[in-house]
Amino acid sequence: MIPIYTMKSEPEAAVISSLMTAYNIHFIISGRGFSSMYPGAVSNSLNEQTLMVRADQVELAKTLLEPFLNS
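Here goes a summary of the coordinates provided. Computed from a prediction, not measured in an experiment: that's the story for all the values here. (Residues numbered from 1 in each chain as written. Predicted model: local features only at pLDDT ≥ 70, side-chain atom pairs only at ≥ 80, totals over all residues. Heavy atoms only, no water.)

A few points about the sheet that holds strand 2 (residues 27–30)
Working step 1: Strand order in the open sheet made by the 3 strands is 1-3-2, with antiparallel pairing throughout. Of all the strands in the sheet, the pair left with one neighbour each is strand 1 (2–6) and strand 2. When the angles between neighbouring strand axes are averaged without regard to direction, this sheet yields 30°.
Working step 2: When strand 2 meets strand 3 (residues 50–53), the two strands line up antiparallel, connected through 4 bridges. Across the sheet, residue Ile28 finds its bridge partner in strand 3, namely Met52.
Working step 3: Along the sheet face, helix 1 (residues 10–22) touches strand 1, strand 2 and strand 3 and points at about 165° away from the line of strand 2. (Pairing = 2+ DSSP bridges. Helix = DSSP H or I, 4+ residues; strand = E, 2+ residues; numbered from the N terminus. Axes fitted to C-alpha atoms, helices over the stretch in contact; angles between N-to-C directions. Contact = heavy atoms within 4.5 Å.)

Here is the structure:
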């Protein structure tokens, strides 16, 4: 799995998770369970959530994430 994006908030993680699921991209959001212990805005590595996808799906995932990457 290749890390490609770090979420800025829990709602953003939910939207991105739904987007990846809709396009059948195999993914993991590392730190998702731990972030529930420290809810709120992502401020440090304690509640950081990183999207990781299969190597063969990185380009598609980055294309779908373009609006998030440019904001």
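Some thoughts on the packing of aromatic side chains
Working step 1: The full count for this structure, using the stated rule, is 1 aromatic pair.
Working step 2: Between the aromatic rings of Tyr5 and Phe68, the centroid separation amounts to 6.4 Å while the plane-to-plane angle is 55°, which identifies the pairing as tilted. Highlighted residues: Tyr5 in strand 1 and Phe68 in helix 4 (residues 66–69), separated in sequence by 63 residues. (Phe/Tyr/Trp six-rings, centres within 6.5 Å; stacked < 30°, edge-to-face > 60°.)

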